Structure formats: C-alpha cells, structure tokens
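# Examining the three-dimensional arrangement
One-letter residues, chain by chain:
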Amino acid sequence: MFVLTTTLRGLSQDPAGHLRRWLSSFPPAAAVASMATDCRILPRPSWSRADLLRFPPPSSPPPPHRPAWNRYRPSESMTGLLIALFGGGVPAGFAALFTRIANETSGIPSLQILLFRCIVHLFSLSCIRYQKIPCCGPPESRKRALFHAFVNVISIGFAYTSFMVVPSGNATTVRKGSSTVCSILLAFCIENYRLTGYDWFGLVGSTLGVLIMVVPDLLNLDQSTQLYDAVGYILACMGGVLLALGLVIFRGLDFPAKLVTVVFLFGTVGGLLCLPAMFLLQHPVVPVDPLTWVCVAAISTCALASFLCASYAVTKVHPALVCAVLHSEVVVTLALQYYVLQEAVTPFDITGAGVILGSIAIITAQNISCDAPEDEEGVA
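Every chain is numbered independently, its residues counted from 1 as its sequence is written. Where totals are concerned, whole chains, interfaces and linings use all residues; where local detail is concerned, this predicted model gives features only for residues with pLDDT of at least 70, and gives and counts side-chain atom pairs only at 80 or more. The side-chain figures draw on all heavy atoms in the structure; neither hydrogens nor water molecules are used.

## Brief notes about the overall build of the protein chain
Which entries qualify depends on this criterion: Helix numbers and strand numbers start at the N terminus; a helix is a DSSP run of H or I with at least 4 residues, a strand a run of E with at least 2. Three labels apply to residues, based on accessible area from a 1.4 Å probe with only protein chains included: buried if under 20% of the type maximum, exposed if over 50%, partly exposed otherwise in between. Using a 1.4 Å probe, the Shrake-Rupley method yields the accessible areas, and only the shown protein chains count as cover for residues.
Counting secondary structure elements, the protein chain contains 17 helices and 2 strands. A burial count over the protein chain gives 44% of its 380 residues as buried. Accessible surface, the protein chain as shown: approximately 21400 Å² in total, 69% of it carbon and sulfur.

## Thoughts on the nonpolar core
Selection criterion: Residues belong to a common nonpolar core when they are buried Ala, Val, Leu, Ile, Met, Phe, Trp, Tyr or Cys residues joined through side-chain atoms within 4.5 Å. The contact rule is simple, with two residues in contact once any of their heavy atoms fall within 4.5 Å.
Counting 67 residues, the largest nonpolar core has Ile113, Leu114, Tyr160, Leu247, Phe266 and Val322 as its most contacted members. Look past the residues within four positions of isoleucine 113 in its chain and what remains in contact with it is Thr99, Ala102, Ile108, Tyr160, Met164 and Ile299. Ala145, Ala149, Phe264 and Val269 belong to the second-largest nonpolar core, a separate cluster that totals 8 residues.

## Side note on the packing of helix α5 (residues 76-106) against helix α8 (residues 142-165)
Stated formally: Throughout, an axis means a line fitted to C-alpha atoms (over the contacting stretch in the case of helices), and angles, computed between N-to-C directions, take values from 0 to 180 degrees. Any angle between 65 and 115 degrees counts as roughly perpendicular, while under 35 counts as roughly parallel, over 145 as roughly antiparallel, and the rest as oblique. In this scheme the handedness of a crossing depends on how the near helix is turned from the far one: anticlockwise by less than a right angle means left-handed, clockwise means right-handed.
Remark: α5 packs on α8, axes separated minimally by 9 Å, with the N-to-C direction vectors making an angle of 60°. Taken together, the axis directions place α5 and α8 in an arrangement best described as oblique. Crossing angle aside, the handedness with which α5 passes α8 is right-handed. Facing Ala96, Thr99, Arg100 and Asn103 of α5, the residues of α8 in contact are Tyr160, Phe163 and Met164.

## Concerning the environment of leucine 334
With respect to the helices and strands, the residue leucine 334 is situated in helix α15 (residues 328-339). Its relative accessible area of 6% is what places leucine 334 among the buried residues. Considering only alpha carbons, one finds leucine 334 and alanine 344, 10 residues apart in sequence, at a separation of 9.4 Å. Setting aside chain neighbours within four positions, we find leucine 334 in contact with Gly169, Met213, Val345, Asp349 and Ala353.

## Quick word on the side chain of serine 155
With respect to the secondary-structure elements, serine 155 resides in helix α8. Owing to a relative accessible area of 1%, serine 155 belongs among the buried residues under this scheme. If sequence neighbours within four positions are ignored, serine 155 has contacts with Arg175, Gly239, Leu242 and Leu243.

## Some points on the packing of helix α12 (residues 258-281) against helix α13 (residues 290-313)
As a reminder of what qualifies: For this classification, the nonpolar set comprises Ala, Val, Leu, Ile, Met, Phe, Trp, Tyr, Cys and Pro, the charged set comprises Asp, Glu, Lys and Arg, and every other residue, Gly included, is treated as polar.
Relative orientation of the contacting elements α12 and α13 amounts to 140°, with a least axis distance of 11 Å. Relative to α13, the element α12 lies oblique. As for the relative orientation of α12 and α13, their crossing is right-handed in sense. Contacts between α12 and α13 involve Leu259, Val262, Val263 and Phe266 from the former and Leu304, Phe307, Leu308, Ser311 and Tyr312 from the latter. Per-class residue counts for the contact of α12 with α13 are 8 nonpolar, 1 polar and no charged.

## Points about α5
Under the convention used in this document: Every helix has an expected span of 1.5 Å times one less than the residues it contains. What we call the bend at a residue is the angle made by axes fitted to the seven residues finishing there and the seven residues starting there.
If you check α5, its first and last C-alpha atoms are 44 Å apart, about what 31 residues at 1.5 Å a residue would give, namely 45 Å. Alanine 84 marks where α5 bends most, by close to 30°. Remark: glycine 107 follows α5 within two positions and exhibits a positive phi of approximately 70°.

## Comments concerning the packing of aromatic side chains
Put simply, the rule is: Only centres within 6.5 Å qualify two rings of Phe, Tyr or Trp (six-membered ring in Trp) as a pair; their planes then separate them into stacked at under 30 degrees, edge-to-face at over 60, and tilted for everything else.
Tallied over the entire structure, the rule returns 2 aromatic pairs. Between phenylalanine 266 and phenylalanine 307, the ring centres sit 5.5 Å apart and the planes meet at 40°, which makes this aromatic pair tilted. Residue phenylalanine 266 is found in helix α12, and its partner phenylalanine 307 is found in helix α13; the two are separated by 41 residues along the sequence. Its relative accessible area of 0% is what places phenylalanine 266 among the buried residues. Here phenylalanine 307 falls in the buried class, since its relative accessible area comes to 8%.

## Looking at the confidence of the model for the protein chain
Our working definition: pLDDT gives the predictor's per-residue confidence on a scale running from 0 to 100.
Averaged over every residue, the pLDDT of the protein chain is 75; residues scoring 70 or more account for 74%. Averaged over each element, pLDDT in the protein chain is lowest for helix α17 (residues 374-379) (47) and highest for α13 (90). Under a pLDDT of 50 for its full length, residues 375-380 has, in the predicted model, 5 contacts with residues more than four places off or in other chains.

## Digging into unusual backbone geometry
The backbone of lysine 132 sits at a positive phi, close to 55°, despite the residue not being glycine. Within the element layout of this structure, lysine 132 appears in the loop between α7 (125-131) and α8.

## A short note on the side chain of asparagine 152
One can find asparagine 152 in helix α8. Among residues more than four places away in sequence, those in contact with asparagine 152 are Gly246, Phe266 and Phe307.

## Regarding a nonpolar patch on the surface
Heads up, the condition is: Think of a patch as exposed residues, more than 30% relative accessible area, with no salt bridge, where like charges cluster within 9 Å and nonpolar side chains (Val, Leu, Ile, Met, Phe, Trp, Tyr) cluster within 5 Å. Salt-bridge detection follows one rule: a side-chain nitrogen of Lys or Arg within 4 Å of a carboxyl oxygen of Asp or Glu.
A cluster of nonpolar side chains, namely Phe147, Phe150 and Leu273, defines an oily patch on the protein surface of about 260 Å² accessible area. Structurally, phenylalanine 147 is set in helix α8. According to the relative accessible area criterion, phenylalanine 147 is partly exposed, its value standing at 43%.

Next up, the structure:
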C-alpha cells in the first residue's frame, strides 16, 4: 500500500519524467532487431542416401597405459652388457667345471670334447634351411666368416686343453685377462666407437684383478711341473687373444642371419679340424660312465649359450667391454673350484675376484640408460 501510494504521488508530480524512465527500461530498437535476426528459423539441411550410409572415420584409440616400470626399456649398450654378463660369462664358468670333471672321470681328451660340441653346433643347419639362407654366408663375407670360425675353434681348443693342465680358475683368469688386453689394443683400430673414461677405468681395474690372481701363482710354480704348467698358461693366454680377435671379426660381419651362420661354420670347421687332430695328438676314449656323458652334454649346452650371447653382445657394445664383463666367468669358476672341486683358493684369488667384480660394476653402471618406446616417443 505504501509503494503504490508513493508511485501515484510521483506520477502526479512529474508525469513526463516518470514516462521517460519507464521507456528507458526497454532495450533499444537495434537490439530488438538483432534478437529477431538471431532467432529466425534456419533452413533445414537436405540429407541424401549416400550421406546417411556414410560412416564416420574410426578414431585412433589412445595409447595403452603402461605401468611406471614398463614405460622405458634398456638401451642397446645396457642390453648387450647384461646379455654378456648373465648369458656369456656365467654359463662359461660352468663349462670349465664340467670339462675338468669329465677329464678326471674317464680321461676324455679336450679335442674329443670339442668335437662333441661341434656336432651340437651342426644342428643349426635346420634353422639355416628353414630360413633359406646360404650355409657359409654371402660370397663377399664368406672368407671372413670362415676365418672367424677357424679362430674360435683354435681358441676353444686351447682353452679346453689349459683347463686340464692347470687349475680351471687360473686358466680361465689368464684367458679372460689376455682377451681384455688384446681387446684394448684392438680398440684403437675401431673408429666407430669411443671408450669413455669410466670404460677405461673398468678395463684397467679388471686387468689389475687378473694380475693379482695370476702373478702369485706364476711365482710359486712347482719345480717338477713348472714346464707343464707354463705350457698350460701359454695355451690359456693364446686362447684369450684368439677370443678377442674372433669377437672383433664377428663385429665386422654385416649380413642377415650372421649369428646362425657362424654357429654352423664353427661346427663344420671344428669337426674337420678336431677329427684328425684328435687321433694324431691325443688318445680318444669311448666314455662308459654316465657322468661323463652328462658333463659333455652340459659343456656343449653352456658353451653354445655363451658363444651365442657373447657374439650377440659384441654387436651392441665394444668388444673390450664385452671381454671385461665376461670376467664374471672367472668369479663363477673360482666359486665352483672351491665348493665343488675342493681346490684351494688363495687370498689373492679372492682379492682379484673382488677387483674384477668392482670393475664390472663400474662398466655396467656407466652404461645404464633407458630409452622410451617408439609409440610413447611419438605421443610425446
């Protein structure tokens, strides 16, 4: 009632002003015309039968969510080092143990063991026939592949002979140490890969560990068997040099399925060399003890696994680093020598093994890196 009374009183006093205020509360004419234009009815689109049958293109699904530990993968150098460490060094350490047991059980010579291993390698012919590739590789790389097989057969023959002459741990240490030193010298001939300061530090440390283990044994050789032991150490050293040379040759091979090809050539060349040499240089035996056959089968399996892993690793990492990581074979052999063969292990052996493990840790830690998968790199 009060509001109505006040409004009537204002209208009676100033009717023109009150009318102006009332008209100003409405929107202007231009705004009304614009609102009318915006509210007009749009024409209805015409749809044909082809438009109705056309399906929208499928949208690409979002990338699958991966857990945090699966978003990155090891780099090529890290993968090569891990394969050389666990696939190349550890099985080779067991091969030295089984070689010694087989020789002590039935007196089977080293070349006969190598011949059995070459026969196992010949089974790779089925894989070559399945892939329909040349048995000896392409013509331009055939000579180098055959030379690689010859070098590896001689290296393994020297190594198996040294395992039977001197303690397996010492023979393995000398062989791996000489392979590392030879790889360091050959590193200057390879220009597509440069070693870092940490790599050189690890190589020098692994070589120092080998010297700590070998030098005291060389200074304390028995006078009655000094010449015999010296020959064993020389064979182990030559085996290591040829091992490093074989890895460098394999790194230079460049043709598909080269890994399967060199496995078959190793069996072929080894069989042709070991069969006559076994009758000329040694006295072959026919093992009747089941333990000997088990050891021979284990040697062939472990040696084949180590050969494949070391050859694959050298395509990812420098041969010097592969030889340094393969020093894990020395630690495995020493542990088996002490716990299985009950042979004495000196404090120098333990110290040298610790230095080698530290060097391997430095080389591996320096090369630790991860790469993101390709699909995630594209999304990022």
